[in-house]
Each structure stands twice: as C-alpha cells, then as structure tokens.
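Report on the structure
Here are the chains, one letter per residue:
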2 protein chains.
Amino acid sequence: MAKITSVSPLAPAGFPDLPVIDGVRFSTVAAGVRYAGRTDVMLADLAPGTTVAGAFTRSATRAAPVLDCQAKIGTHSDAGAAIIVNSGNANAFTGRNGIDATRAVTTAVAAALDLPETRVFSSSTGVIGEPLPHGRITAKLEELKDTLASDGIEAAAKAIMTTDTFPKGSATDVTINGKTIRIAGIAKGSGMIAPDMATMLVYIFTDAKADLSVLQSMVSALNAKTFNCITVDSDTSTSDTLLVAATGASGIEVTEDSVGFMEGLRRVMLDLAHQVVRDGEGATKFVEVSVTGAHSDDEAHVHAKSIANSPLVKTAIAGEDPNWGRVVMAIGKSGARADRDALSIWFGPILVADKGWVSPDYSEEEAAKYMKNQNLVIHVDLGLGGGTARVWTCDLTHAYIEINADYRS
Amino acid sequence: MAKITSVSPLAPAGFPDLPVIDGVRFSTVAAGVRYAGRTDVMLADLAPGTTVAGAFTRSATRAAPVLDCQAKIGTHSDAGAAIIVNSGNANAFTGRNGIDATRAVTTAVAAALDLPETRVFSSSTGVIGEPLPHGRITAKLEELKDTLASDGIEAAAKAIMTTDTFPKGSATDVTINGKTIRIAGIAKGSGMIAPDMATMLVYIFTDAKADLSVLQSMVSALNAKTFNCITVDSDTSTSDTLLVAATGASGIEVTEDSVGFMEGLRRVMLDLAHQVVRDGEGATKFVEVSVTGAHSDDEAHVHAKSIANSPLVKTAIAGEDPNWGRVVMAIGKSGARADRDALSIWFGPILVADKGWVSPDYSEEEAAKYMKNQNLVIHVDLGLGGGTARVWTCDLTHAYIEINADYRS
C-alpha cells in the first residue's frame, strides 16, 4: 500500500469537535481486512424512522456494495437502518464473489441488529480486484454491536481511511423556528478523485426529520455543486458513495422550502469536499478554479474541470510558476465554447490576461510571488455569457508519483 | 525552460538516413528567437506544382499561425510553396499582435522566395503568451534562402525541437508500377500531447504527384489513426500542425485508389507519432493500449484514451505494478459502454482478468515480471461487440513533474 509519511500540509489544524446526533451510534473495530494495527471497520446504527438518501459514482464498473446501496436507497421503511464500512479492500471487480460478499456482510449486520436486510447499507474501500475476506468482518459483529456509542464519530472517521493522511469531519447547526437541528459528517478520500463525484466515501448524519424524497432531492442538488466539483487526478473510483441519514430525533421536520437546513447541509458537504482535496495525494496547494462568462453553467463547469485536471496546469502550480499559457491551453482543449480574444485570466487579485493577451500591467514577479501562497484562486472570464462554475483541486507533485507508483505492490 | 538532462531511454538508436525528396530544399539558422547557441528556424522550399495538405489542433484557443495555415491549406496553386517554422515561441494567445507577427513572417518569406503570400505556411512552437520577435526571424531570411539544400532535412528536424530530447525522422519508399515514390518526414513534440492530435509539429514530404483533394482526404483519414491516437499527458496544444507536401517531382500520380502509397504514408505518420510518445516528457515505458469488443470503434477509442490518460494507470506503469484494478477504473469512468462482468484484460500475453474477475491462472509474480519490459501492451476486451481501437502512450514519472514544474520560470 501507499507510503504515507506525513500529514498533508493542507490539513486543518485538527479534527473538529463533532456534536452527538440523536439517533445515531457508532462503533469501530480492527478486523484485519488488510491493514494491521489499526481499525478498519465502522458500524453506524440508525434509529427507527431514519431516512437515508444518497449519491453514487457513475462508473460503468461500479463495485458490488455500490450497486447494492443504490438498489436499497429508494425504499421507504420505518425500521431502523445501519451503515457498515470497511477499508483495505474495495470489493470491486470481484464478479459474482463480490455480490456474495456484500450480501454476507449486510445479512449478518441485519441479523445482529434485528433489521431488514434492505436497511443495511455497506461500503468497501481499498484495493480493487481482490476477494473481500468478509468472514473477518462478520466475525467482529458482536463486538461492534456491543460497543455502539453516540460519541464514536471521530473513531469512525479514522476507521474508514485508506491513503488519507488525516481523518475528515465537519458539522454545523441550523436553527428553525428557534429549534436546533444538528448536522455532522465524515469522509475519506485522497486519490482517484474526479469527474463524477470524487473517489470517496461520505456519511452525513442529522437529527432533522425529512421525507426521503425531500432529502434525496436536496442531496442530489447539493452533490452537483460540492463533491462533483472537486478533482485530484481526474480518476473516478468504482466505489464513490455519499449517504445522508436523517434520524428525525429532533422532531423538527424539514421540507423542500427549508432553505436554512439546505444551506447547513451544503456547508458540511462543501467542507468535507474541500478536506478531500486538501488531502489530495501529494498536494501542497489548494486551488479554486472559478469560471465566469461562459455560455452556460454546464460549459463553465467543463472549462473549470479541464483547467483543474490538466497535468501541465497542476505541475506549473506545484512549481509556483504563474504559467497562464497553460490555462489558455486547458480552455482551448476543453471542448466547450471559448473565444481566445474575449478571454481574461486572474491569478488571485492579479489580472494576468486581458481579453486575449497579456495585461499591460502584468508583472511576472508579482504573479510569481502570489503563486507561493498555499491557497490559490485561478479565475477565468470567458466574456461570452452568464454561465459560472467553481471547482476545487490541488497541485501535481512528486509525492503523487511516489504514492501511486508504489500503491499495492 | 525545461531542464533536459539526457536523451529519452525510449529513443531510437539514431536519426534515420532520410532520402532526398526531389522538389524540396531545406535550410536552418540560429535566429535567437529564445534559445541561444542552437538553430531555431527552419525553412522548407517547395517546387512549383507542390500540393500541401494538413491537419490541425481543434483547440478553441488555436495560435495565429495555425489559423493562418488552415485558411491557406485549401487553396490550389501552381506556384511553389514554403514552410517556415520557429521554435522557442509559440506565438499563441498574443491577440492582434500574433496575427501581425505571423503576417510579417509569411510576407517576408513570400518576398524572399518570390511566392504568393498564400503559399507560405508558418508554425511557431514554444512558450505561449509572449509576443513573437518576428524581426529576428525575418532578419535571417537572406541567409536561409542562400543556404537552401536538398539534403538539409536532419538539420531541419533539429531546429524545430523544444523539449524534445531527440530529433524525429522517418522515411519509406513506395513502388507503383515499377517506379519509386519517396516519402520522408520530421516531427517535434514531447509534452502537451493529447486528445485531438498530439502537441506537435509534423512535416512530411513526398515526390508523389497528388491532387489536393486526394492528398487531403488521405491525410485526414490517416491522422485519425496515427497522431490522434497518441497521448502523453492528455493536454492539447494550441499549435498542433501536420503538413504533407507532395512535390510531384517523381512524375508518378497517386489517386484515392493508391493503396500502396497510402500504406507508405501511414507507416511514416505512425512511426513519427510513436517517436513523439517515445520522447514523452519523463517517459520510461512505451505502452500500446488495445481495446477490442466495444460497441463501436468510437467507443473503443474512448475507452483506450481513458486508460492511456489515467494518471493512476500511468503511475502504476512507472512503478512496474501490474495494477489492473486501475484499468478497470479507467474503463468505468470513460463514459463509453462497458459491462463489468464481460470484461477481460491482458498485460502482454498474460490473461489478468477473465470476464469480470481475476483469472484463475493469474500469477502476480509473472505479471510483475512482464511490467519490467520497456515496451508494454495492455489489451482490454469488452465482450460487447466488434469495435476496436489502438492508442499509444507512456508512463507518468518523476521526470514529468521535474520538466513541467520548472518550464518557463
């Protein structure tokens, strides 16, 4: 597996203080799925009445647990629910064996917690193409069940890490009619992060009461502006999974008009998405790519992704080189509409290119100084229309090569 | 500019012995466009009656000389023609100034060689976004004119290099009705090599006699199977240019039925395309990605490009890791159709994955041994239909980061 020698320089100062979400309990265990000397399975137990919405990778070679989750996500139930996640093995591209392994795990969890099997959601993350040793997970279910606790979310965030250099958590409170709804989430992911959702697992919990259809439409809309707007290396995992569980324990119902709740959920999702980029394999810079003036939001997104995925742009950022020519190149190749002579580019506050050529006030020295920052903004205005998009990425460094030329061997 | 310390380990043994093409003369000069101590301008003088076909980058931010070439390529003329190329400065994203600079160069060449300006094709390659010091080029035109020689093609190949670590040339003979047609070509390119034609300049010369429409349709068809099937880093240049000039000096006319000529032209184009990949920035492995069993050739091409462009696949190859899980991932994300459980994968002769899961005979040790080869073949059969494609790429190494984190600064 990857050689991880130190925490990303872009990591937050520490794991945030996440609130207890009524109706959710966590436990973790070291099952030895692949890793030694660390926890690698987490269980979340969700109270009766919990609704679970989700979003998943669009990969054509999705892993068995993803297909299983997708099939279950639309079903209503008043029963409780559970989420079980292992790290170390993705149970992906394992054929019929993969389906059987997923079923073995979810059936055993259902029996242990006395739930219908359709209410047990599972994820697996790690190596692709090796059979999941599911017996090692099910052998630990009694222990997992016996240690469930409402304050176990940080331990859960740690148990699902693979090449991550820090655990990822985020929380917020939302006040509706003087009453408080809590939202807390965890995520893992640092490589294979790209186009259709980042390569990652994300679990968000709230004590709001929400109809499945309301929760699902919020999650789908917010996913498009958060996890689908980050990229580390343009590679898309076969296992991307986002689950949002609303336990209803606060008694406060949210509807499609609950702007405050949706904004709170958006904050948590965006924060976790940014943390995944900040743990991008080998990352030393956190980069926002902002595109305005496109013919449509969709075309703006295509341009932003093209810039954020370009190896030449990303290596220039690693080298602290204000090489805006490569930004022009990335726009040109994106496939979306652009007019070279209407194009303006800013690096942070610095106008680099003004309507098709280098700005008369541009100072390479000043731009090079800006590039030394850890957080960078590249802004492109296409000068064509009202379409906008924002995407977040990191630089491409030697450490990315180190991590990925050796993973698995 | 890039730190180039040594010739690519994938380079051919030496520059090939290219034949003289009747009707073509070359000269080169050190004009100091950007580089010191080396030639950086080449001129090719083409005899009256020469037809010139071409293919160009589809970038929306194409450079001025590319737009100028495209406008001229379809025009018939019995006059001679010329190709002038400088390295060091791409004259791209230079606004109105770029158009003026291109015109200044082509007008001066036309005057020096007594040609219509519409018959002077120019290319520029190098840094983007800086004004082309065209006066340095035009100041050398008399010297270029006075030193034109029919045996100058190798020097021309050297003058157009930028980050290339070796000059690229290829030639073949074609016999039609007992008479010989000669074809010889040169190319430059090593980075920013991707989707819609590689980032490169290619000039091919033949003494065949060919109608423009015949030559153009051959070049377009062959381009789709050669230069558009290579990728180093998925980045597409704003300056990609392929020109094929047929002088007619052999007196032998080729038609759309001249299968032998087309095959000869294909050989030269494919050889030059492979040489560009072999000079891929930081490359240590030359990789053919072959996809069969897709729903269509187009979908096979999408899958092949997705594999060949994946940073995770390319770093695994650099690490000599038979990480076929990443090949599965790249197929899944490509957007073209795939059925996980119909998928088979070979690394060279080794069947790795058989219809959706690891082959029972697979030996990781044997596969790891295969990955130590310098030339690798990854073959994927989708098991869906008759569509096929082949794409060529290289691995992604530390040297790519070194070259590109420092270029320009």
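Definitions and limits used
Residues numbered from 1 in each chain as written. Chains lettered and ligands numbered in written order. Predicted model: local features only at pLDDT ≥ 70, side-chain atom pairs only at ≥ 80, totals over all residues. Heavy atoms only, no water. Helix = DSSP H or I, 4+ residues; strand = E, 2+ residues; numbered from the N terminus. Rg over C-alpha atoms; globule rule 2.2 N^0.38 Å. Buried < 20%, exposed > 50% of the residue type's maximum accessible area, 1.4 Å probe, protein only. Contact = heavy atoms within 4.5 Å. Patch = residues over 30% accessible without salt bridge, like charges linked within 9 Å, V, L, I, M, F, W, Y side chains within 5 Å. Areas by Shrake-Rupley, 256 points an atom, 1.4 Å probe, with all protein chains shown as cover. Salt bridge = Lys/Arg side-chain N within 4 Å of Asp/Glu carboxyl O. Lys, Arg positive; Asp, Glu negative; His and termini not counted. Charge placed at Lys NZ, Arg CZ, Asp CG, Glu CD. UniProt positions renumbered as here; feature names shortened; annotations may be inferred. Buried area = accessible area lost by both parts, 1.4 Å probe. Nonpolar A, V, L, I, M, F, W, Y, C, P; charged D, E, K, R; others polar. Pairing = 2+ DSSP bridges. Axes fitted to C-alpha atoms, helices over the stretch in contact; angles between N-to-C directions. Domains from an automatic or database assignment. Polar contact = N/O pair within 3.5 Å; in protein donor to acceptor, adjacent residues only side chain to side chain. Phe/Tyr/Trp six-rings, centres within 6.5 Å; stacked < 30°, edge-to-face > 60°. Lys NZ or Arg CZ within 6 Å of the ring centre and 35° of its normal. Least-squares fit on C-alpha atoms with pLDDT ≥ 70 in both. Disulfide = S-S within 2.5 Å.

The secondary structure content of chain A amounts to 12 helices and 18 strands. The C-alpha atoms of chain A give 22 Å as radius of gyration, which agrees with the globular expectation for 409 residues (22 Å, within 12%). Its C-alpha atoms give chain A principal-axis dimensions of about 70 × 55 × 35 Å. Residues classed as buried in chain A amount to 62% of the 409 residues present. Sequence separation of at least 24 residues holds for 81% of the intrachain contacts in chain A that already meet a minimum separation of 6.

Before going further, it helps to examine a negative patch on the surface. Taken together, the side chains of A:Asp211, A:Glu253, A:Glu256 and A:Asp257 define an acidic patch exposed on the protein surface. Tracing the backbone shows A:Glu253 in strand β12 (residues 253-254).

The next point concerns the UniProt feature "binding site: substrate" (unreviewed entry) in chain A. Feature annotation in UniProt assigns "binding site: substrate" (unreviewed entry) to the following positions: A:Thr162, A:Lys188, A:Thr199, A:Glu281, A:Asn404 and A:Ser409. Within the element layout of this structure, A:Thr162 appears in the loop between α5 (153-159) and β6 (168-176). Dropping the residues within four chain positions of it, A:Asn404 is found in contact with A:Glu281, B:Leu312, B:Thr315, B:Ala316 and B:Arg326.

With 61 residues of chain A at the contact, the number on the chain B side is 62 residues. Both sides together, the interface formed by chain A and chain B hides about 5,100 Å², and carbon and sulfur atoms give 59% of it. Viewed at the interface, chain B and chain A are joined by zero salt bridges. If you list the elements that add at least two residues to the side of chain A that touches chain B, you get α1 (64-73), α2 (95-113), α9 (311-318), α10 (324-333), β16 (357-358) and α12 (398-406) of chain A. Counting residues per element, the side of chain A that touches chain B draws most heavily on α10(A), which supplies eight residues. Residues of the side of chain A that touches chain B, tallied by class, amount to 28 nonpolar, 21 polar and 12 charged.

Looking now at helix α1 (residues 64-73) of chain B. Residues and elements named next belong to chain B. Among the 10 residues in α1, seven count as buried, and that is most of the element. Among the residues of α1, those classed as buried are Ala 64, Pro 65, Val 66, Asp 68, Cys 69, Lys 72 and Ile 73. Looking at the buried side of α1, the elements it contacts are β3 (51-56), α2 (95-113), β5 (120-127), α6 (212-225) and β11 (241-246).

This part is about the sheet that holds strand β16 (residues 357-358) of chain B. Residue and element names in this part refer to chain B. With mixed pairing, the seven strands of this open sheet are ordered in space as β10-β18-β13-β17-β14-β15-β16. The open sheet has two edge strands with one neighbour each: β10 (230-231) and β16. Of the strand pairs in this sheet, strand β13 (residues 286-294) and strand β18 (residues 387-394) are connected by seven bridges, and their pairing is antiparallel. Opposite Phe 286, over in β18, you have Cys 394 as the bridge partner. Most of the contacts of helix α7 (residues 259-278) go to β18, to which it runs at about 45°, and overall it touches β10, β13, β17 (375-381) and β18.

All names here are of chain A. Domain assignment breaks chain A into domain 1 (24-278) and domain 2 (286-406). Each partner contributes to the interface: domain 1 provides 13 residues, whereas domain 2 provides 13 residues. Contact with domain 2 buries area across many residues of domain 1, yet Cys 229, Thr 231 and Arg 278 alone supply 38% of it, more than any other trio. Here domain 1 is connected to domain 2 by zero salt bridges. On inspection of domain 1 and its partner domain 2, the count reaches four residue pairs in polar contact (both at pLDDT 80 or more). Those elements that provide at least two residues to the side of domain 1 that touches domain 2 are β10 (230-231) and α7 (259-278). If one sorts the elements of the side of domain 1 that touches domain 2 by residue count, α7 sits on top with four residues. Residues that form the side of domain 1 that touches domain 2 fall into these classes: six nonpolar, four polar and three charged.

Before going further, it helps to examine the packing of aromatic side chains. All names here are of chain A. If you walk through the whole model with that rule in mind, you get four aromatic pairs over all chains. Where Phe 26 meets Phe 205, the ring centres are 5.1 Å apart and the plane angle is 85°; that geometry is what we call edge-to-face. One end of the pair, Phe 26, is in strand β1 (residues 24-29); the other, Phe 205, is in strand β8 (residues 201-206), and 179 residues separate them in sequence. Note on Phe 26: relative accessible area 5%, which makes it buried. Across the ring face of Phe 166, the terminal group of Lys 168 is positioned such that the distance to the ring centre comes to 4.4 Å.

The two copies are related by a screw operation: chain A maps onto chain B through 180° of rotation and 0.0 Å of translation along the axis, at an RMSD of 0.0 Å. As the rotation angle and translation indicate, the two copies are arranged about a two-fold axis. In terms of C-alpha distance to the rotation axis, chain A has A:His398 as its closest residue, with the C-alpha 2.9 Å off the axis. An overlap of 100% is found between the interface residues of chain A and their copies at the interface of chain B, pointing to a shared contact surface.

Residue and element names in this part refer to chain B. If you trace the four strands from one edge of the open sheet to the other, you get β1-β2-β4-β5, paired in mixed fashion. The sheet is open, and its two edges are formed by β1 (24-29) and β5, each paired on a single side. Strand-to-strand twist in this sheet, taken as the mean axis angle between neighbours without regard to direction, amounts to 10°. Note that β1 and strand β2 (residues 41-46) share six bridges and pair antiparallel. Following the sheet pairing, Phe 26 is matched in β2 by Ala 44. Packed onto the sheet, α2 meets β2, β4 (81-89) and β5 and runs at close to 135° relative to β5.

Here we take up the state of the cysteines. Note: disulfide means a covalent bond formed between the sulfur atoms of two cysteine side chains. Under the counting rule described, the total for this entry stands at zero disulfides over all chains. Sulfur of B:Cys229: no disulfide; nearest cysteine sulfur belongs to B:Cys394 and is 15 Å away.

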